[in-house]
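# Structural features, examined
The residues making up each chain are set out below.
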Amino acid sequence: TTTVPEIRRGLAGVVADTTEISTVIRETNSLTYRGYPVQDLAASRSFEEVAHLLWHGDLPDPAQLREFRARERALRPLGRTTSELLARLPETCHPMDVLRTAVSLFGAEDPIEDDDGTAANRAKSLALLAKLPTVVAADQRRRRGLSPIPPDSDLGYAENFFQMCFGAVPEPEVVRCFEISLVLYAEHSFNASTFTARVVTSTLSDLYSAVTAAIGALKGPLHGGANEAVMHMLEEIGDPARAGEWLDGALAAKRKIMGFGHRVYRHGDSRVPMMQDALDRLVSRATDSEATRLATLHESLRRAVLTRKGIHPNLDYPAGLAYHLMGFDTPTFTPIFVMSRITGWTAHITEQLAHNALIRPLASYTGPGQRPVPTVP
Ligand code: SDX
């Protein structure tokens, strides 16, 4: 008798491999990158230092940080071909599709390496880290009918992104909130987009193919696309007093409430308190009533979901509203997630190659039994 193997839909609870990069500790609701608690990193370190940590296994010393920053800044400009091709995409093209296309173009432009070794992949990873903000900022401006602002190598990673988006760098506190979001978004073990990158890498395909696939996975609203969906949801509800009524309708319609729930965290996403604190700081700085109304609605909805469904927010819930208050257009939110998660994805690509096994699960067949092909009448 053939025993039907247990099927784990969505690979829920399946441990697919080992990793040294990060661990999500469900019991204590915590997350560490190479052993360091993510909250401590976000509170005290720059995104560039965390990128170095994820790639190289430890925080950079001052000399390594200086060299990292110099190389990153020099790599920010786009090649002319890429800039011209991206500018010709339809303005209705979703920014995640623009980003996916840009990475494909980077791959097409990159000279074929005879060895796709770690050193080559490290160089490609740093180039992607440096160039993605240039693509995202140019696309937000293009959608606003504005021409791109070139990267400024005198500015740090986060400041330069604001400069390329808005032509100005905001107050240090706003930049700090943005930097905190980048550190919190950077890495999260075998989430869907990271695992996608590992699947592609496991066939020994190239880094650009793996990152392009990961961008496709992250775009979905059940994953990275949720931070944009949170903003659309808040705008759909509008009045804080309507949160409960709206939620009852949504749950009755079996809708997923964007920004809530998580496959791994069952009692709240470990990253949320720090992102919520950054959001609160942005709200307290805001002068317009819209920010206050959105913050009130944001909290009312959080309470209502917890009361009705016992479900907690994930990182996308505070991050979405925070990006809105920083002035970013909603379609720019998930591309910002990509700018951060490129570090985790490429760390996992390198790790997959270091001890590779082709990722190829089984399926339990439930189709028709074997039957003869009918003769052609
Ligand atoms: C990210 O994995 C990662 O680490 C991802 C991420 C990362 O850093 O890479 O953390 C980033 O993707 C965060 C998640 C962003 N997505 C959303 O916010 C979309 C809304 N969330 C849900 O779709 C859901 O919570 C998931 C997809 C996040 C997790 O879904 P699971 O683990 O497959 O759980 P499930 O959908 O089977 O839900 C279990 C139960 C169900 O109830 P029943 O049908 O059994 O009665 O909880 C309910 C669900 O209906 N539920 C929700 C809900 N989340 C779970 N109901 C309404 N709204 C929700 N958000």
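Residues numbered from 1 in each chain as written. Predicted model: local features only at pLDDT ≥ 70, side-chain atom pairs only at ≥ 80, totals over all residues. Heavy atoms only, no water.

Looking at an unreviewed UniProt entry, one finds the chain named Citrate synthase and attributed to Streptomyces antioxidans. Under Pathway (unreviewed entry), UniProt gives the following word-for-word description of the chain: "Carbohydrate metabolism; tricarboxylic acid cycle." Per UniProt, the chain carries the Catalytic activity (unreviewed entry) text "oxaloacetate + acetyl-CoA + H2O = citrate + CoA + H(+)". (UniProt positions renumbered as here; feature names shortened; annotations may be inferred.)

## Here's the deal with the environment of Glu-228
Residue placement: Glu-228 occurs in helix H11 (residues 226–237). For the pair Glu-228 and Gln-163, spaced 65 residues apart in sequence, the C-alpha to C-alpha distance is 22 Å. Setting aside anything within four residues of it in sequence, one finds Glu-228 in contact with His-94, Thr-330, Pro-331, Phe-333, Thr-334 and Pro-335. At 3.4 Å, the side chain of Glu-228 and the side chain of His-94 are in polar contact. (Helix = DSSP H or I, 4+ residues; strand = E, 2+ residues; numbered from the N terminus. Contact = heavy atoms within 4.5 Å. Polar contact = N/O pair within 3.5 Å; in protein donor to acceptor, adjacent residues only side chain to side chain.)

## Remarks on the pattern of salt bridges
One pass over the full model with this rule turns up 20 salt bridges. Salt-bridge contacts for Arg-242 lead to Glu-245; the nearest nitrogen and oxygen are separated by 3.9 Å. For Glu-245, a relative accessible area of 52% gives the class exposed. Linked by salt bridges that have partners in common, Glu-173, Asp-277, Arg-281 and Arg-285 make up one network. (Salt bridge = Lys/Arg side-chain N within 4 Å of Asp/Glu carboxyl O. Buried < 20%, exposed > 50% of the residue type's maximum accessible area, 1.4 Å probe, protein only.)

## Considerations on the pairing of strand E1 (residues 22–25)
Across a regular strand the side chains alternate sides, sitting on one face of the sheet and then on the other. Only one face of E1 is buried: it carries Ser-22 and Val-24, and the other face, with Thr-23 and Ile-25, is open. One ladder, built from 4 bridges, connects E1 with strand E2 (residues 30–33); its direction is antiparallel. By the bridge assignment for E2, Ile-25 is matched with Ser-30. Turn length for the E1-E2 hairpin, with the two strands adjacent in sequence and antiparallel, is 4 residues, and the turn residue Asn-29 shows positive phi of about 50°. (Pairing = 2+ DSSP bridges.)

## Some words on the layout of surface pockets
The space that makes up the second largest pocket amounts to roughly 540 Å³. Taken together, 22 residues make up the lining of the second largest pocket; nearest its centre are Arg-8, Leu-11, Val-14, Pro-361 and Leu-362. When its residues are assigned to classes, the lining of the second largest pocket shows 13 nonpolar, 3 polar and 6 charged. (1 Å grid on protein atoms, 1.4 Å probe; cavity = no way out; pocket = protein on both sides within 12 Å on 5 of 7 lines; lining within 4 Å. Points joined across faces, edges and corners; volume = space filled by probe spheres on them. Nonpolar A, V, L, I, M, F, W, Y, C, P; charged D, E, K, R; others polar.)

## Topic: the site of the ligand
Around the ligand, a shell composed of 22 residues is seen, among which His-188, Gly-259, His-262, Arg-263 and Arg-271 lie nearest. The contact in question runs from an oxygen atom of the ligand to an N or O atom on the side chain of Arg-271, over 2.7 Å. Considering the ligand on its own, with 1,000 Å² of exposed area, one finds that the protein chains cover 72% of that surface. (Near = heavy atom within 4 Å. Areas by Shrake-Rupley, 256 points an atom, 1.4 Å probe, with all protein chains shown as cover.)

## Quick notes on the packing of aromatic side chains
Centre distance and the angle of the planes are the two values used to describe a pair of aromatic rings. Using the criterion set out here, one finds 16 aromatic pairs in the structure. Between Phe-161 and Phe-178, the aromatic rings sit 5.6 Å apart at their centres with planes inclined by 10°, giving stacked as the arrangement. Of this pair, Phe-161 sits in helix H7 (residues 157–166) while Phe-178 sits in helix H8 (residues 172–185), and the two are 17 residues apart along the sequence. Accessibility classification places Phe-161 together with Phe-178 in one group, the buried group. One aromatic cluster is present, formed by Phe-161, Phe-162, Phe-166, Phe-178, Tyr-185, Tyr-323, Phe-328, Phe-333 and Phe-337 through successive ring pairs. (Phe/Tyr/Trp six-rings, centres within 6.5 Å; stacked < 30°, edge-to-face > 60°.)

## Here's the deal with the nonpolar core
Residues Tyr-33, Phe-161, Phe-178, Leu-301, Met-326 and Phe-328 are the most contacted members of the largest nonpolar core, which totals 100 residues. Once residues lying within four places of it in the same chain are set aside, the contact partners of Leu-301 are Met-233, Leu-234, Ile-237, Ala-243, Trp-246, Leu-247, Phe-260 and Tyr-317. (Core = buried A, V, L, I, M, F, W, Y, C linked by side-chain atoms within 4.5 Å.)

## Comments concerning the UniProt feature "active site" (unreviewed entry) in the chain
UniProt tags His-262 and Asp-316 as "active site" (unreviewed entry). Annotated residues spanning 55 residues; largest pairwise C-alpha distance 10.6 Å, indicating a single compact cluster. Structurally, His-262 is set in the loop between helix H12 (243–252) and helix H13 (272–285). Given a relative accessible area of 22%, His-262 falls into the partly exposed group. Here Asp-316 shows up in helix H15 (residues 316–325). If we ignore the near neighbours within four places in the chain, the residues touching Asp-316 are Tyr-185, His-223, Gly-224, Ala-226, Asn-227, Val-230, Gly-259 and Phe-337. At 2.5 Å, the side chain of Asp-316 and the side chain of Tyr-185 are in polar contact.

## Regarding empty space enclosed by the protein
For the coordinates displayed, the defined rule picks out 2 cavities of 30 Å³ or more. Lining the largest cavity, in full, are Pro-95, Val-98, Leu-99, Val-135, Val-136, Asp-139, Arg-143, Thr-332 and Pro-335. Those elements that provide at least two residues to the lining of the largest cavity are helix H5 (95–109) and helix H6 (118–143). With 4 residues, H6 is the largest single contributor of residues to the lining of the largest cavity. The residue inventory of the lining of the largest cavity, partitioned by class, reads 6 nonpolar, 1 polar and 2 charged.

## Quick word on the sheet that holds E1
In spatial order, the strands read E1-E2-E3; together these 3 strands make up an open sheet with antiparallel pairing. A strand with exactly one partner marks an edge of an open sheet, and here the two such strands are E1 and strand E3 (36–37).

## As for the packing of H6 against H7
Relative to each other, H6 and H7 sit at 25°, their axes nearing to 8 Å. Relative to H7, H6 is oriented roughly parallel. The element H6 and its partner H7 pack so that their crossing is right-handed. Where H6 approaches H7, its residues Leu-129, Pro-133, Thr-134, Val-136, Ala-137, Gln-140 and Arg-141 are matched on the opposing element by Tyr-157, Phe-161, Met-164, Cys-165 and Phe-166. Considered class by class, the residues forming the contact of H6 with H7 number 9 nonpolar, 2 polar and 1 charged. (Axes fitted to C-alpha atoms, helices over the stretch in contact; angles between N-to-C directions. Parallel < 35°, antiparallel > 145°, perpendicular 65-115°, else oblique. Left-handed = near helix turned anticlockwise from the far one by under 90°.)

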